[in-house]
Amino acid sequence: MPRGRLLFWQVLVAVVALTVWQVGATVPIGGTYLLPKFFFSTPADVGARIWKLFATGSIWKHLWITLTETALAFIIGAVGGVVFGFWFARKPMVAAIFDPYVKMANALPRVVLAPIFMLWLGLGIWSKVALGVTLVFFIVFFNVYQGVKEVSPVVLANARMIGMSERQLFRHVYWPSALSWVFSSLHTSVGFALVGAVVGEYLGAAAGLGYLIHEAEGVFDVAGVFAGMAILAAFVLFIDWIVTKIENRLLVWRPQPAGG
């Protein structure tokens, strides 16, 4: 689908959803509001609140703190996932030994870990970063592990036949094979890094977008809650756009979909 047409349909979906929300909250149907304003606010009120947050400048401090926590969690978790994913994939004995422990760690509810991290690391940014890392790490780890394991045996045999060393195999065979898996996991883990930061702020912090949402929720400020959620959504889209740009730069050899 041409880029312009795709953008049109994406904008249309957003316009329709916002229109339904506005009408449902402000126009009674059969004497009843489908989306009562007390519980759902309205797009107009939410937009006005977002404008006020940016116009007064009160949002920037919170946005910067959440951005820092998200970036640190994303980078640390992604690097750790890539390193350990490659290591486990290339060392079957290590993978077999640690397999049950990795599965147990991945199965732990992350919300349960949040209070523990706060106890260990305090209410500063590092407890939020640690929570985000636990979310990002396993997504990247399993994708990289699978990507390396999926390398074609024929390609490996041919590479070894022409005398490639382990270092050359890593650079020219394993890494290109796993790269698409890596970026696939990064697109997913961007949101999870932000979730870790916001959940940590929600449970205990003095600043950040999660703190703002929690504060608004405490006084039944529905517009403030939705404003924080909308900023978070835009935040994720922005970071994902950056990841996509890097992906397109590194995966220039990847065939483009027809009609794209």
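Above this text you will find the structure in question.
To keep things clear, this report deals only with the structure shown in the data block. (Residues numbered from 1 in each chain as written. Predicted model: local features only at pLDDT ≥ 70, side-chain atom pairs only at ≥ 80, totals over all residues. Heavy atoms only, no water.)

**A word on a nonpolar patch on the surface**
Moving on, step 1. On the surface, a cluster of nonpolar side chains totalling about 690 Å² of accessible area is made up of Ile76, Ile116, Leu119, Trp120, Leu121 and Trp126.
Moving on, step 2. With 4 residues, helix α6 (residues 110–121) is the largest single contributor of residues to the nonpolar patch.
Moving on, step 3. Structurally, Trp120 is set in helix α6. (Patch = residues over 30% accessible without salt bridge, like charges linked within 9 Å, V, L, I, M, F, W, Y side chains within 5 Å. Areas by Shrake-Rupley, 256 points an atom, 1.4 Å probe, with all protein chains shown as cover. Salt bridge = Lys/Arg side-chain N within 4 Å of Asp/Glu carboxyl O. Helix = DSSP H or I, 4+ residues; strand = E, 2+ residues; numbered from the N terminus.)

**Some thoughts on the environment of Ala216**
Moving on, step 1. The residue Ala216 is located in helix α10 (residues 209–218) in this model.
Moving on, step 2. Since its relative accessible area comes to 8%, Ala216 is described here as buried.
Moving on, step 3. Linking Ala216 and Phe226, residues 10 residues apart in sequence, is a C-alpha distance of 9.3 Å. (Buried < 20%, exposed > 50% of the residue type's maximum accessible area, 1.4 Å probe, protein only.)

**Side note on the packing of aromatic side chains**
Moving on, step 1. Under the counting rule described, the total for this entry stands at 16 aromatic pairs.
Moving on, step 2. When the centroid spacing of 5.3 Å and the interplanar angle of 50 degrees are considered together, the rings of Trp21 and Phe226 count as tilted. Taken together, the residues span a long stretch of sequence, with Trp21 in helix α1 (residues 3–26) and Phe226 in helix α11 (residues 222–250) at a distance of 205 residues.
Moving on, step 3. Connected via pairs of aromatic rings, a cluster forms that spans Phe84, Trp87, Phe88, Phe98, Phe137, Phe138, Phe141, Phe142 and Tyr145. (Phe/Tyr/Trp six-rings, centres within 6.5 Å; stacked < 30°, edge-to-face > 60°.)

**Some thoughts on the side chain of Thr66**
Moving on, step 1. Along the chain, Thr66 falls in helix α4 (residues 59–90).
Moving on, step 2. Setting aside anything within four residues of it in sequence, one finds Thr66 in contact with Leu194, Ala197, Val198, Glu201, Gly208, Leu209 and Phe235. (Contact = heavy atoms within 4.5 Å.)

**Things to note about α10**
Moving on, step 1. Of all the positions in α10, only Leu209, Gly210, Leu212, Ile213 and Ala216 are classed as buried. Within α10, the buried residues cover an arc of 160 degrees as seen down the axis, which keeps them to one side.
Moving on, step 2. Directly after α10, the chain includes Phe220, whose backbone phi takes a positive value near 55 degrees. (Arc of directions from axis to C-beta.)

**Description of the pattern of salt bridges**
Moving on, step 1. Applying the stated criterion to the full structure yields 3 salt bridges.
Moving on, step 2. For Arg49, the salt bridge is made with Asp221, and the minimal N-O distance between the two is 2.4 Å. Remark: Asp221 occurs in the loop between α10 and α11 and Arg49 occurs in helix α3 (residues 43–56); sequence separation between them is 172 residues.
Moving on, step 3. For Arg49, a relative accessible area of 26% corresponds to the partly exposed category.
Moving on, step 4. Where Lys103 meets Asp99, a salt bridge forms, and the shortest distance between an N and an O atom there is 3.1 Å. Linking Lys103 with Asp99, this pair stays in helix α5 (residues 92–107), spanning 4 residues, or about one helical turn.

**Considering the environment of Trp51**
Moving on, step 1. Mapped onto the fold, Trp51 is located in helix α3.
Moving on, step 2. The exposure class assigned to Trp51 is exposed, which follows from its relative accessible area of 66%.
Moving on, step 3. Counting along the chain gives 176 residues from Trp51 to Ala227, while the straight-line C-alpha distance between them is 9.4 Å.

**Structural notes on unusual backbone geometry**
Moving on, step 1. Residue Ser41 is not a glycine yet carries a positive backbone phi of 55 degrees.
Moving on, step 2. As for its position among the elements, Ser41 is in the loop between α2 (37–40) and α3.
Moving on, step 3. A relative accessible area of 4% means that Ser41 is categorised as buried.
Moving on, step 4. The backbone of Phe220 sits at a positive phi, close to 55 degrees, despite the residue not being glycine.
Moving on, step 5. Locating Phe220 in the fold gives a position in the loop between α10 and α11.

**So, the side chain of Glu201**
Moving on, step 1. Within the secondary structure, Glu201 sits in helix α9 (residues 166–203).
Moving on, step 2. Buried and without a salt bridge, Glu201 has Lys128 as its closest oppositely charged side chain, separated by 7.1 Å.
Moving on, step 3. For Glu201, the side chain forms a polar contact with the side chain of Thr66, separated by 3.0 Å.
Moving on, step 4. A distance of 2.7 Å separates the side chain of Glu201 from the backbone nitrogen of Gly210, its partner in a polar contact.
Moving on, step 5. Residues in contact with Glu201, not counting those within four places in the same chain, are Ile65, Thr66, Glu69, Lys128, Ala207, Gly208, Leu209, Gly210 and Tyr211. (Lys, Arg positive; Asp, Glu negative; His and termini not counted. Polar contact = N/O pair within 3.5 Å; in protein donor to acceptor, adjacent residues only side chain to side chain.)

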